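# Observations on the model geometry
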Amino acid sequence: MIDVTVENFEAEVVAASMNVPVLVDFWAPWCGPCKSLGPILEKLETDYAGRFKLVKIDSDQEQQLAGMFGIRSIPTCVLLMNGQPVDGFMGALPEGQVREFLDKHVPSAEEVVAEAEEEEALDALAEGDTDTALEKLQHAVATDPANDDARFDYVKLLLQLGRDDDAKVAFAPVIAKASTSRKLGALKCWMDAIDCVAVSAYGESAVAEFDAKITANKRDFDTRFARARWLMAQQRWTDAMDELLEILMRDKAWNDETARKTYVAILEIIEPPKVKVAEGQIPPEDPVVATYRRRLSSVVLS
């Protein structure tokens, strides 16, 4: 619990709420209900173990802050997330009701653990330690099955390592969401390409066969798309996008925009995790992703 004044409000409340929910307790020393609510809030801050931050503002001493929040009676609690008030309550609620209020907004313990595991996994990947990354991501998904970001990273890494069957098992619980999630849809697109190549049984002469058909007919989009999928299965991402661009330059709407959708899926797959930067700065864009985004825009908008 931290006492907040005008001087430290920006750092302790606004900036802090960008990383963790901040519960602001407006109180005064003479307020009887405040004295009963205060210990409950402090107990819950301990129980929630860092999942939210509690700060207290003496509304008598900090009338400017109280006025900014429109405080009319105390105790009043306001919850801030991402720099903005999102909810609040007035009066000395019992512990159970305060818990219900917090649980509507504060991440669960499982979510916090999973997010930490995912971050550690991405750090391990950046250092080339795929074994540790895989272990961390597997644990993150097991801890919080609803964390689609962790599942995306987990399935993606399995596919990168050639563990296609394990990837399918890990993807199965969210396959129904693939049509509405850009990330999950990208994974399904990749797995579909792998499956298509597996059943097509392309041999060592695949490249020659593709080239011969395309040379004979540059608008043989079925062959061009098959070649793009074959390249995707080999994780030759830029080559695959180059082939898809050949389709788009000739027919943007071919087969219900399948070429464009597949191209966008590849961009999603190859997008690296955003690097951490100082507050207010924009993370740098991966040069390959930036280049191929521009190429897509140039073709689609032409």
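Refer to the structure above for everything that follows.
Small disclaimer: the values here were computed from a predicted structure and weren't measured. Here the residue numbers are simple positions, counted from 1 along each chain's written sequence. Per-residue local features of the predicted model are confined to residues with pLDDT of at least 70, and side-chain atom pairs are confined, for both listing and counting, to 80 or more; whole-chain, interface and lining totals are unaffected and use all residues. As a convention, hydrogens and water are excluded, and side-chain values are obtained from all of the structure's heavy atoms.

We now examine the packing of aromatic side chains. For Phe, Tyr and Trp, rings pair up if their centres lie within 6.5 Å, where Trp contributes its six-membered ring, and each pair is then called stacked (planes under 30 degrees apart), edge-to-face (over 60) or tilted (otherwise). Tallying each qualifying case throughout the model produces nine aromatic pairs. Pairing Trp-190 with Trp-237 gives two aromatic rings, centres 4.9 Å apart and planes at 85 degrees, and the pair type is edge-to-face. Note that Trp-190 is positioned in helix H9 (residues 182–200) and Trp-237 in helix H12 (residues 237–250), a separation of 47 residues in sequence. Whether a charge sits over a ring depends on NZ of Lys or CZ of Arg being within 6 Å of the ring centre and within 35 degrees of the ring normal. Positioned above the aromatic ring of Trp-27, the side-chain terminus of Lys-56 is 5.1 Å from the ring centre. Taking NZ or CZ as reference, Arg-295 lies 4.5 Å from the ring centre of Tyr-292, over its face. Labels follow the DSSP assignment, with helices taken as runs of H or I lasting at least four residues and strands as runs of E lasting at least two, numbered in each case from the N terminus.

Quick look at the state of the cysteines now. Note that a disulfide, as used here, is simply two cysteine sulfur atoms within 2.5 Å. Scanning the model with the defined rule gives one disulfide in all. One disulfide in the model links Cys-31 with Cys-34; its S-S distance is 2.4 Å. One quick way to see it: the torsion about the S-S bond of Cys-31 and Cys-34 is about 80 degrees, and its sign makes the bridge right-handed. Grouping residues by exposure puts Cys-31 and Cys-34 together as buried. Between Cys-196, a free cysteine, and Cys-189, which holds the nearest cysteine sulfur, the sulfur-to-sulfur gap is 11 Å. Exposure is judged per residue with a 1.4 Å probe applied to protein chains only, and the accessible area is read against the type maximum: over 50% gives exposed, under 20% gives buried, and values in between give partly exposed.

Attention now goes to the pattern of salt bridges. By convention in these notes, a salt bridge is any Lys or Arg side-chain nitrogen within 4 Å of a carboxyl oxygen on Asp or Glu. By the definition in use, this model includes 25 salt bridges. Residue Asp-166 is joined to Arg-163 by a salt bridge in which the shortest nitrogen-to-oxygen separation is 2.9 Å. Taking relative accessible area as the criterion, Asp-166 reaches 36% and is therefore assigned partly exposed. Taking relative accessible area as the criterion, Arg-163 reaches 35% and is therefore assigned partly exposed. One network of salt bridges, in which partners are shared, links Lys-43, Asp-47, Glu-95 and Arg-99.

We now examine the layout of surface pockets. With a 1 Å grid laid over protein atoms only, a set of points is called a cavity when a 1.4 Å probe fits there but cannot get out and a pocket when it is open yet has protein on both sides within 12 Å along at least five of seven lines; lining residues have an atom within 4 Å of a point. Grid points are joined across faces, edges and corners, and a volume is the space filled by probe spheres set on the points. The volume enclosed by the largest pocket comes to roughly 740 Å³. Broken down by secondary-structure element, the contributors of at least two residues to the lining of the largest pocket are helix H5 (109–126), helix H7 (148–160) and helix H13 (254–270). Per element, the largest residue contribution to the lining of the largest pocket is seven residues, and it comes from H5.

This paragraph deals with the sheet that holds strand S5 (residues 84–90). Two orientations exist for strands paired in a sheet by backbone hydrogen bonds: parallel and antiparallel. Paired strands, in this sense, are two strands between which DSSP finds at least two bridges. As summarised here, the arrangement of the five strands in space is S1-S3-S2-S4-S5, forming an open sheet in which the pairing is mixed. A single partner strand is all that each edge strand has here, and the edge strands are strand S1 (2–3) and S5. Pairing of strand S2 (residues 22–27) with strand S4 (residues 76–81), which is carried by five bridges, proceeds in the antiparallel orientation. Residue pairing in the sheet places Val-24 in a bridge with Val-78 of S4. Contacts: residue pairs with any heavy atoms within 4.5 Å of one another. What counts as an axis is a line fitted to C-alpha atoms, over the stretch in contact for a helix, and the angles between N-to-C directions run from 0 to 180 degrees. Together, S2, S4 and S5 form the strand contacts of helix H4 (residues 95–103), whose direction differs from that of S5 by roughly 165 degrees.

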